[in-house]
Amino acid sequence: MSRKTLLNLDYAFIQATYWMFYAVAAMFVSVYMLGKGYSNTAIGIVIAAGNILAVFMQSVLANITDRAARLTDITVIKLLTVVLFLLTAAVLLIGERSAALTVTYTALIVVHTALHPFVNAMSFTLGESGEYVSFGIGRSMGSFSAAVLGLAMGYLVTGFGVDVIPFSGLIILVMLEAAVFVAGRHYRRFTADEGTKLSGSGDELVAVISLRDFVCGNRLFMLMSAGVVALFFGNVILENFTIQIIESIGADTEQLGVMIFVMAILEMPAMLGFDRLKKRFSYVFLLRVAAIFFSVKIILMTMADSMAMMYAAQFSQVLGYGLMFPAMVSFIDDIMSRGEAVRGQAVFTTAITVGNVIGCVFGGRILDISTVGTLMMISSAITVAGTVIICATAGMVGKRNERKLMR
């Protein structure tokens, strides 16, 4: 087997196990915490707090890895996976609603979310061996694995109860640690063969502008980012309160597993085919399409009165969620200088986090004081507003930044 094939298999397995754990710890978080007696408001607060704290943890970890020359993404992932294993084991051992379980599950969300950028960056780290490692293929394998596991978990929870959720998480984390260990061995062997340094790739340093300067020079982009906040407000409602939504039309945990399977599978085509799409269509057009299908999905789910309609609504995922990430990341890199692009990507990630946090807090509270129908109508209105903002501003942002780059 060639070095390129080995490294791509390593990375695909790392992505697969990371997103399998996401399916367990995030997609089934409401199922687990409802089973332990938590209210919807409490679940929303736990998820929101985890996301907020993860932003700070990511910043701290990024600073540490930048300063420690020999601390690679591989080492960070190994260490964080061990921490995740201990937290997941603690969740399983505590096993009942308590302050200890609340704190432990919040910490689990923090560490898992903070791990995300390091898993993404692994494709570049492994690529230091001189072989091309495909992020798109690796990430699509993550979606596929999460889809299969989500389907299985629906039946496992029905048969064995909610404690099967953290138990499954422990098995997945052992697989993730093993995958990173194997990838690390290949990385060290192949970089040694090439005579490259393990401490970095030697890329030219990029002067990243301050946040204040970025905001002042990119007001239209900041407005477009407000649209991203609105889109992900609705998206997090559909991801983290899925069980409450489908129970309102008579479905159960088994149907939840099937819907997660359909949702995750349908993310794959756009990710796998994005290189071809960007050759035929502009990034502005692709962003507008993605934003529109975010709205199409949530409106269809709001109108759905059966699981057949719920499943049909998930086909919007192909041109919605599956297209948004590669389109936005490529758009930012295309229209901004390297220093601005680093800040732009951070703003995009922050906008997603803000949308997730607001959606979790208000979504849980709305469910406790009102109905699923009210939550879905409010979420649909906010998502449509985000779509309008992105469609109206994307073209102007592109033209304005292109003029800046030409100066």
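Residues numbered from 1 in each chain as written. Predicted model: local features only at pLDDT ≥ 70, side-chain atom pairs only at ≥ 80, totals over all residues. Heavy atoms only, no water.

## Describing the overall build of the chain
Each helix and strand in the chain was counted, giving 17 helices and zero strands. Compactness check: the chain gives a C-alpha radius of gyration of 21 Å against a globular reference of 22 Å for 407 residues, within 12% of the reference. Expressed along its principal axes, the backbone C-alpha trace of the chain runs to roughly 60 × 45 × 40 Å. Per-residue burial for the chain yields a buried fraction of 52% across its 407 residues. Relative to all contacts within the chain whose residues are 6 or more apart in sequence, the contacts with residues 24 or more apart total 85%. Of the side-chain charges in the chain, 28 are positive and 25 negative, and the distance between the mean point of each set is 8 Å. (Helix = DSSP H or I, 4+ residues; strand = E, 2+ residues; numbered from the N terminus. Rg over C-alpha atoms; globule rule 2.2 N^0.38 Å. Buried < 20%, exposed > 50% of the residue type's maximum accessible area, 1.4 Å probe, protein only. Contact = heavy atoms within 4.5 Å. Lys, Arg positive; Asp, Glu negative; His and termini not counted. Charge placed at Lys NZ, Arg CZ, Asp CG, Glu CD.)

## A few points about the side chain of Thr383
For Thr383, the location among the structural elements is in helix H17 (residues 372-406). On the basis of relative accessible area, Thr383 is assigned to the buried category, the value being 1%. Engagement of the side chain of Thr383 in a polar contact is seen with the backbone oxygen of Ser379, the distance being 2.8 Å. (Polar contact = N/O pair within 3.5 Å; in protein donor to acceptor, adjacent residues only side chain to side chain.)

## A closer look at the packing of aromatic side chains
Within this structure, the stated rule accounts for eleven aromatic pairs. A centroid spacing of 5.1 Å and a plane angle of 65 degrees characterise the contact between Trp19 and Tyr22, whose relative ring orientation is edge-to-face. Taken together, the residues Trp19 and Tyr22, both in helix H1 (residues 3-27) and three residues apart, mark about one turn of the helix. Exposure class is identical for Trp19 and Tyr22. Each is buried. (Phe/Tyr/Trp six-rings, centres within 6.5 Å; stacked < 30°, edge-to-face > 60°.)

## Considerations on the pattern of salt bridges
Counted according to the given criterion, the structure contains two salt bridges. One salt bridge in this structure joins Lys36 and Asp163, with 2.9 Å as the shortest N-O distance. Of the two residues, Lys36 is situated in the loop between helix H2 (29-35) and helix H3 (40-67) and Asp163 in the loop between helix H6 (135-160) and helix H7 (164-194); the sequence distance between them amounts to 127 residues. Taking the relative accessible area as the measure of exposure, Lys36 reaches 15% and is therefore buried. Residue Glu267 pairs with Arg139 through a salt bridge whose shortest N-O separation is 3.8 Å. Of the two residues, Glu267 is situated in the loop between helix H11 (253-265) and helix H12 (268-280) and Arg139 in helix H6; the sequence distance between them amounts to 128 residues. (Salt bridge = Lys/Arg side-chain N within 4 Å of Asp/Glu carboxyl O.)

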